[in-house]
Amino acid sequence: MSSTTVQRYDAIIIGAGVTGLYQLYRLRELGLSVRVIEAAGGVGGTWFWNRYPGCRFDSESESYAYSFSKELLQEWNWTEHYSPQPETLRYLNHVADKFDLRKDIQFNTRVRAANFDATANCWEVEAESGERARARYLITALGPLSAPMMPKIPGMETFRGTAFHTFNWPADPKGWGGADVGVKGKRVGIIGTGATGVQVIQEVAKTAGSLTVFQRRPNWCTPLGNGPISAEEQAKIKASYPEIFAKCKTSFASMVHDADPRSALEVSAEEREALFEKLYPGPGFSLWLGAFGDILTNQKANDLISDFVARKIRQRVKDPKIAEKLIPKDHGFGTRRVPLETNYYEVYNQPNVTLVDIKETPIERITPNGVKTSDQEYELDILIYATGFDAVTGAITRIDITGEGGLKLKDKWANGPRSYLGLQSAGFPNLFTLVGPQGNSALCNVPRCAELNVEWVTDFIRHMRDNQQTCAQPSKAAEDAWVDQVAEVADATLLAKTDSWYTGSNVPGKKRTFLIWAGGNPAYREILADVAAKGYAGFELR
Ligand code: NA7
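Each value, and the rule that gives it
Residues numbered from 1 in each chain as written. Predicted model: local features only at pLDDT ≥ 70, side-chain atom pairs only at ≥ 80, totals over all residues. Heavy atoms only, no water. Buried < 20%, exposed > 50% of the residue type's maximum accessible area, 1.4 Å probe, protein only. Helix = DSSP H or I, 4+ residues; strand = E, 2+ residues; numbered from the N terminus. Arc of directions from axis to C-beta. Contact = heavy atoms within 4.5 Å. Disulfide = S-S within 2.5 Å. Axes fitted to C-alpha atoms, helices over the stretch in contact; angles between N-to-C directions. Parallel < 35°, antiparallel > 145°, perpendicular 65-115°, else oblique. Nonpolar A, V, L, I, M, F, W, Y, C, P; charged D, E, K, R; others polar. Phe/Tyr/Trp six-rings, centres within 6.5 Å; stacked < 30°, edge-to-face > 60°. Near = heavy atom within 4 Å. Polar contact = N/O pair within 3.5 Å; in protein donor to acceptor, adjacent residues only side chain to side chain. Areas by Shrake-Rupley, 256 points an atom, 1.4 Å probe, with all protein chains shown as cover. Salt bridge = Lys/Arg side-chain N within 4 Å of Asp/Glu carboxyl O. Pairing = 2+ DSSP bridges.

Asker: Kindly report on helix α7 (residues 231-239), identifying the contributing residues and their values.
Answerer: Taken residue by residue, α7 has Gln234, Ile237 and Lys238 as its buried positions. Down the axis of α7, the buried set is contained in an arc of 95 degrees. They therefore lie on one face. The exposed set on the far side of α7, more than 90 degrees from its buried face, consists of Glu232, Lys236 and Ala239. At its buried positions, α7 is contacted by α3 (61-64), α4 (70-75) and α8 (241-250).

In structure tokens form, the structure reads like this:
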């Protein structure tokens, strides 16, 4: 990009994470000139930014690998069943090097705006630096969890210690992970107990002098069951990649776990308990995705599994009062993304750890010395905000995107995203939102869903080229029908009834609406295939 001359490409991709890298690879293969624009100083997306201690996969490492290159699959050795962030970032850098992707990526460039020029039938993208570039296709590969959200608490700017959001944990200048910010022996506070908070709390508690956890609402967490991959397991993984990916294709969340097709209500109490016991220790989402399918749709079934996990928490936490604070009372197990943990609950048995229920004693302000609740002031050296993201839509609507006739995407989406297939929005021709709102973005093992989206969009662009078409956008009717279908499918689950980042209710002022496709990936894959087979039905092509 340049501020004086406007560079021209066939396609511009925003984001060089898991999805953007693969889209670059595929479009280059198609013979397109492609520019990837990336705000960070390197590839990796979420794995570039999130460098807090304890950050790791909740997908099985081998199921997270790119599947497109047999050579890559065979040469890469995952060292743990749930890869830690530094290893994942090393992997994505290896991919970028192996396929010579960097030459088409512009780093340290944040896109500020994108405007559709109807006369020229192309997008003009403008960076914060003022640099501009044009392309027929604009493809966002921004990731569902890349717009970090800081809370608005009075006095935040007055804190004299070190404070940051987990997404912005400082990088280790000599490695792939996070810097040592000097937690050892210090007074540390963490606000937030989502998947990120849980991962960082269990690590920081090991060395902090004192750790104060400020919890607004607890989550239902289950054991991760991580461990090193032995040489024997490594060989088995490498021999069975085709089966692993085939399994992911047929599973609801593109993971290796499959729900038991029976209802939790149709088996005996003993049988139910035995299955829960077997699945509870993990690995991964065994209990969430491997128990009875109706736990996420039937309140009675959900009550049974919630009761089981509550008993586990009571067994693991010694102080019954603290255990009760850690058990969610406002939502059932699995209706929000389940944080996976390693000795998380035991952390609260340690003498250096304090749990502060901020629903009971709200945070009044951040002071120069720490956090002041309605009850007392907690003095801190380091304050970590694990307060989550403006998920799914936030990273897209933070860019000032203007489509046909001056239509702003953020205005169009003010009452919730509107798309067709999660991939395009009417009025924004040739703009593709990979792993985006109303698509398979988050109830999913992201690389598997990214591959599905990338390959479909690549085929669509190839189809347009072969048919001398230069412009694609959904019809209003197709979009309206998809918006209704997404809502209908979500409403059949308990997830839509629970406040979480899936519904946008974690962001003050954000319209509450279920942000993603909740019908499972096999169904989504079929829908995409059907649309393509019908000559891209629902799209207006010219
Ligand atoms: P989450 O799951 O949105 O968790 C954010 C946490 O921060 C959650 O406990 C929130 O409490 C808490 N929070 C947010 N804002 C505030 C304020 N203002 N005050 C106090 N506490 C607050 O984000 P994560 O980063 O943990 O996980 C996101 C996904 O990343 C995860 O699901 C995995 O897929 C990977 P709340 O529950 O809203 O009361």
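Asker: Break down the state of the cysteines for me, with residues and values.
Answerer: By the definition in use, this model includes 1 disulfide. Each disulfide pairs two cysteine sulfurs, and for Cys444 the partner residue is Cys449, the sulfurs being separated by 1.4 Å. Torsion about the S-S bond of the Cys444 and Cys449 cystine: about 75 degrees, corresponding to right-handed handedness. Residue Cys444 is classed as buried on the basis of its relative accessible area, which comes to 3%. What makes Cys449 buried here is its relative accessible area of 1%. The thiol of Cys122 is unpaired, and the distance to the nearest cysteine sulfur, on Cys471, comes to 11 Å.

Asker: Outline the packing of α7 against α8, supporting the account with residue identities and numerical values.
Answerer: Relative to each other, α7 and α8 sit at 65 degrees, their axes nearing to 5 Å. The pairing of α7 with α8 is recorded here as roughly perpendicular in orientation. Mapping the contact onto sequence places Ile237, Lys238 and Ala239 in α7 and Tyr241, Pro242, Glu243 and Ile244 in α8. The class makeup of the residues in the contact of α7 with α8 is 5 nonpolar, no polar and 2 charged.

Asker: Just give me the short version of the environment of Thr166, but keep the residues and values in it.
Answerer: Turning to its location among the elements, Thr166 is positioned in the loop between β7 (162-165) and β8 (187-191). Since its relative accessible area comes to 1%, Thr166 is described here as buried. The contact partners of Thr166, leaving out residues within four places of it in the chain, are Trp49, Asn50, Arg51, Tyr52, Thr196, Val200, Ile384, Tyr385 and Ala386.

Asker: Any details on the packing of aromatic side chains? Residues and values, ideally.
Answerer: Taken as a whole and assessed by the stated rule, the structure comprises 40 aromatic pairs. A ring pair is formed by Phe57 and Trp78, whose centres lie 5.7 Å apart and whose planes are at 55 degrees; its orientation type is tilted. With a gap of 21 residues between them, Phe57 in the loop between α2 (46-49) and α3 and Trp78 in the loop between α4 and α5 (85-98) connect regions that are remote in the sequence. Each member of the pair, Phe57 as well as Trp78, carries the same accessibility label: buried. Put simply, the rings of Tyr22, Tyr25, Trp47, Phe57, Tyr64, Tyr66, Phe68, Trp76, Trp78, Tyr91 and Phe99 touch in pairs and so form one group of aromatic residues.

Asker: Describe in detail the site of the ligand, supporting the description with residues and values.
Answerer: In the neighbourhood of the ligand, 18 residues make up the surrounding shell, with Thr193, Thr196, Arg216, Arg336 and Arg337 lying closest. At 2.9 Å from an oxygen atom of the ligand is found a main-chain nitrogen or oxygen belonging to Thr193. Protein contact buries 87% of the 780 Å² of open area that the ligand shows by itself. When its residues are assigned to classes, the shell around the ligand shows 8 nonpolar, 6 polar and 4 charged.

Asker: Outline the pattern of salt bridges, listing residues and values.
Answerer: For the structure on display, the rule yields 39 salt bridges. A salt bridge links Glu271 to Arg262; the shortest N-O distance between them is 2.6 Å. By relative accessible area, Arg262 is classed as partly exposed at 27%. The salt bridge partner of Asp530 is Lys534, with a shortest N-O separation of 3.0 Å. Among the residues examined, Asp530 registers a relative accessible area of 37% and is labelled partly exposed.

Asker: Summarise the sheet that holds strand β13 (residues 363-366); cite the residues concerned and give the values.
Answerer: The strand order across the open sheet built from 3 strands is β13-β14-β15, with neighbouring strands paired in antiparallel fashion. The open sheet is flanked by β13 and β15 (377-379), the only strands paired with a single partner. Adjacent strand axes in the sheet meet at a mean angle of 20 degrees, parallel and antiparallel pairs treated alike. Judged from the 3 bridges that link them, β13 and strand β14 (residues 370-373) form a sheet pairing that is antiparallel. Looking across to β14, one finds that Arg365 is bridged to Lys372.

Asker: With reference to specific residues and values, describe the sheet that holds strand β12 (residues 353-357).
Answerer: The sheet built from 5 strands is open, its strands ordered β7-β16-β8-β9-β12 with parallel pairing. A single partner strand is all that each edge strand has here, and the edge strands are β7 and β12. Taking the axes of each pair of neighbouring strands and ignoring which way they run, one obtains an average angle of 15 degrees across the sheet. For strand β9 (residues 210-215) and β12, the ladder comprises 5 bridges, and the chain directions are parallel. The residue bridging Gln215 from the neighbouring strand is Asp357, located in β12. Across the sheet, helix α6 (residues 195-204) touches β8, β9 and β16 (382-385), and the angle it forms with β8 is around 165 degrees.

Asker: Quick rundown of the side chain of Thr458? Include the residues and the values.
Answerer: Position of Thr458 among the secondary structure elements: in helix α16 (residues 446-466). Of the residues examined, Thr458 reaches a relative accessible area of 3% and is grouped as buried. For Thr458, the residues in contact, after removing those within four places along its chain, are Gln23, Arg26, Leu27 and Leu30.

Asker: Let's hear about the pairing of strand β4 (residues 111-117): which residues, and what values?
Answerer: Judged from the 6 bridges that link them, β4 and strand β5 (residues 122-127) form a sheet pairing that is antiparallel. Opposite Ala114, over in β5, you have Val125 as the bridge partner. Of the pairings in the sheet, the one linking β4 to strand β17 (residues 400-402) comprises 3 bridges and is parallel in character. The partner of Ala114 across the bridge, within β17, is Ile401.

Asker: Could you give an account of the packing of α16 against helix α18 (residues 521-533), with specific residues and numbers?
Answerer: Any two packed helices are characterised by how steeply their axes cross, that is the angle between the axes, and by the distance between the axes. It is the contact of α16 with α18, at a shortest axis distance of 11 Å, that shows an interaxial angle of 5 degrees. In terms of axis orientation, α16 runs roughly parallel to α18. Here α16 contributes Cys449, Leu452, Asn453 and Trp456 to the contact with α18, which in turn contributes Asn521, Tyr524, Arg525, Leu528, Ala529, Val531 and Ala532. Class assignment for the residues of the contact of α16 with α18 results in 8 nonpolar, 2 polar and 1 charged.

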